[in-house]
Amino acid sequence: MKLKIIILLTMTFFSLHLVAQWNKVTVNKIAFKIKNAGINVNGSFGKANIQINVDEKNPSNSTFLGVVEASSIKTGINLRDNHLKDKEEFFNIASYPTLTMKSTKVVLKSAGVYTVTWILTMKNVARQFTSDVTTKESGNVLLLSTSFTINRNDWNIGGNSMTMGDQVTIQLNSSVTK
């Protein structure tokens, strides 16, 4: 009888582990690149509340949500960072303190690759787009990565600049555990 209970408990433990979802964010990185006067400007956002739930058994139940503090923008030049934070034509953090990116649909494209439909909201302008999120399991950590390009004008960012490029490439990397 004791052996049956031990076997049942062991099977229950392993079955719970197999259906566990990846949902504890341990690392996240938000980087971007844009051309300004023909030179690539790299930047990042350092503060964000990221919620990730990857359901491998039923990918359509997976969800992604990121709320980024616009004030955490860093480009390596404080004067430029303050300009981006404060000016109406850029992020105007007094009026729009956060940027939000939320998944609305997740589809398994191939092993370890999900096509995600997103709503990105900046300065109260919401636009939909898709990107592929690549996942790679490394021990007890799931690494997630996506890269996509947006047109900053679609969100009224940067005004009609003659020197700043319209295309912004964004790279997102996260690590999650079960």
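See the structure above.
What this report covers is the structure whose coordinates are included nearby. Predicted model only: the values in this text are computed from it and were never measured. (Residues numbered from 1 in each chain as written. Predicted model: local features only at pLDDT ≥ 70, side-chain atom pairs only at ≥ 80, totals over all residues. Heavy atoms only, no water.)

**Some details on the pattern of salt bridges**
Then, in step 1: Summed over the entire model, instances satisfying the criterion amount to three salt bridges.
Then, in step 2: Put simply, Glu88 and Lys123 hold a salt bridge, and the shortest N to O gap is 3.9 Å. Residue Glu88 is found in the loop between α2 (78-86) and β6 (98-110), and its partner Lys123 is found in the loop between β7 (113-122) and β8 (125-138); the two are separated by 35 residues along the sequence.
Then, in step 3: Here Glu88 falls in the partly exposed class, since its relative accessible area comes to 43%.
Then, in step 4: In this structure, the salt-bridge partner of Arg152 is Asp166, at a minimum N-O distance of 3.2 Å. On the criterion of sequence distance, the pair formed by Arg152 in the loop between β9 (141-151) and β10 (164-177) and Asp166 in strand β10 is long-range, its members being 14 residues apart. (Salt bridge = Lys/Arg side-chain N within 4 Å of Asp/Glu carboxyl O. Helix = DSSP H or I, 4+ residues; strand = E, 2+ residues; numbered from the N terminus. Buried < 20%, exposed > 50% of the residue type's maximum accessible area, 1.4 Å probe, protein only.)

**Some thoughts on the side chain of Asn53**
Then, in step 1: By secondary structure assignment, the location of Asn53 is in strand β3 (residues 48-53).
Then, in step 2: Separated by 3.1 Å, the side chains of Asn53 and Gln21 make a polar contact.
Then, in step 3: The contacts of Asn53, once residues within four sequence positions are left out, are Gln21, Trp22, Asn23, Asn61, Ser62 and Thr63. (Polar contact = N/O pair within 3.5 Å; in protein donor to acceptor, adjacent residues only side chain to side chain. Contact = heavy atoms within 4.5 Å.)

**A short note on the sheet that holds strand β4 (residues 63-69)**
Then, in step 1: One open sheet holds the 10 strands; their spatial order is β3-β4-β6-β7-β8-β9-β10-β1-β2-β5, and the pairing between them is antiparallel. Two strands lie at the open edges of the sheet, namely β3 and β5 (73-74), each paired on one side alone.
Then, in step 2: The pairing of β8 with β9 spans five bridges and is antiparallel. The partner of Lys136 across the bridge, within β9, is Leu143. (Pairing = 2+ DSSP bridges.)

**Looking at unusual backbone geometry**
Then, in step 1: Here Ala37, not a glycine, exhibits a phi torsion of approximately 55°, which is positive.
Then, in step 2: Phi is positive for Lys123, close to 55°, though the residue is something other than glycine.

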